[in-house]
Amino acid sequence: MTRSVRALTRCAVLTALALAISVAEGLVPLSILVPLPGLRLGLANLVTVFALCRLSGREALGILAARCLLGALVGGNLSALAYSLTGGLLALGTMWLLLHVPALSLFGVCIAGAAAHNTGQILAASVVLGSPAVALYLPPLLLASIVTGAVTGAASILLVHRVRDVPGA
C-alpha cells in the first residue's frame, strides 16, 4: 500500500472514531450535572489532539473538518455545523500554536483548546443570531472549559504516551 493510501486510510479511521465518540457523547447530556445547556466534555477532541501530536496539522485539520461536517449530517442539524466548525477550527489553531511552546504541557494545551472552542462557538452564535448578547454565556463556558479541558487533557496525555507509533506515519 502506498504512503498516501495509508495516510488517507488512517485519517478515515480516525475521523470515524471521532464521529462515533461525538455521537455517543451527545447521548449523555452534562446538563444533568451542570446547568449549562449544550455543555459537552469534548471527548472527540482526543482524536484531534492525537492527530496534532502524532500526525500533522494538515491531517488533524482534515479529520476535524470531516468530523464536523459528518456530525452535522448524522445529527440532521446543518446549522450546528457553523458552531462546531468555528469552535473546532479556533481550538485546533490554538492547540497547534501552543504545542510549539515548550513551557506548556499537553494538559494546559487542552484546557486552552477547550476555552478556544467555547469562544469560537460564542462568536459563531453572535453572527448566526445577529446579537452580541450571547457573549454573556461565555464566562460560565470558560469556567467549564477548565474542567472539560482538564478531562480531555488527562485522557490525551494517556493516549498520546501509550500510542507512540502510528503505522505508516
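Residues numbered from 1 in each chain as written. Predicted model: local features only at pLDDT ≥ 70, side-chain atom pairs only at ≥ 80, totals over all residues. Heavy atoms only, no water.

(A) Highlighting the state of the cysteines. Scanning the model with the defined rule gives zero disulfides in all. Cysteine Cys 110 shares no disulfide, and the gap to the nearest cysteine sulfur, in Cys 53, comes to 7.5 Å. On the basis of relative accessible area, Cys 110 is assigned to the buried category, the value being 1%. (Disulfide = S-S within 2.5 Å. Buried < 20%, exposed > 50% of the residue type's maximum accessible area, 1.4 Å probe, protein only.)

(B) Geometry of helix H5 (residues 106-129). Helix length check: H5, at 24 residues, gives a terminal C-alpha distance of 34 Å against a target of 34 Å (1.5 Å per residue), a fit within 8%. When we look at burial in H5, the residues that qualify are Leu 106, Val 109, Cys 110, Gly 113, Ala 114, Ala 116, Asn 118, Gly 120, Ile 122, Ala 124, Ala 125 and Ser 126. Gly 130 occupies a position one or two residues after H5 and carries a positive phi of about 70°. (Helix = DSSP H or I, 4+ residues; strand = E, 2+ residues; numbered from the N terminus. Expected span 1.5 Å × (residues − 1).)

(C) Main features of the pattern of salt bridges. Going through the model one piece at a time under the given rule, you end up with two salt bridges. Residue Glu 59 pairs with Arg 10 through a salt bridge whose shortest N-O separation is 2.9 Å. Here Arg 10 lies in helix H1 (residues 3-26) and Glu 59 lies in helix H3 (residues 57-75), a separation of 49 residues in the sequence. Summarising the burial analysis for this pair, Glu 59 and Arg 10 share the class buried. Across the pair Glu 25 and Arg 40 runs a salt bridge, and its minimum N-O distance is 3.8 Å. Remark: Arg 40 occurs in the loop between H1 and helix H2 (45-54) and Glu 25 occurs in helix H1; sequence separation between them is 15 residues. (Salt bridge = Lys/Arg side-chain N within 4 Å of Asp/Glu carboxyl O.)

(D) Broad picture of the packing of helix H4 (residues 80-98) against H5. Two numbers describe how H4 lies on H5: the axes approach to 7 Å, and their chain directions differ by 145°. In terms of crossing hand, the pair formed by H4 and H5 is right-handed. Looking at the contact of H4 with H5 residue by residue, the class counts come to 14 nonpolar, 10 polar and no charged. (Axes fitted to C-alpha atoms, helices over the stretch in contact; angles between N-to-C directions. Left-handed = near helix turned anticlockwise from the far one by under 90°. Nonpolar A, V, L, I, M, F, W, Y, C, P; charged D, E, K, R; others polar.)

(E) Spotlight on helix H6 (residues 138-162). With 25 residues, H6 extends 34 Å from end C-alpha to end C-alpha; this agrees with the ideal 36 Å at 1.5 Å per step. Along its length, H6 shows its largest kink, about 30°, at Ser 145. When we look at burial in H6, the residues that qualify are Leu 138, Leu 141, Ala 144, Ser 145, Thr 148, Gly 149, Thr 152, Gly 153, Ser 156 and Val 160. The inward-facing, buried residues of H6 contact H2 and H5. (Bend = angle between axes of the 7 residues up to and from the residue. Contact = heavy atoms within 4.5 Å.)

So yeah, pure geometry; function would need other evidence.
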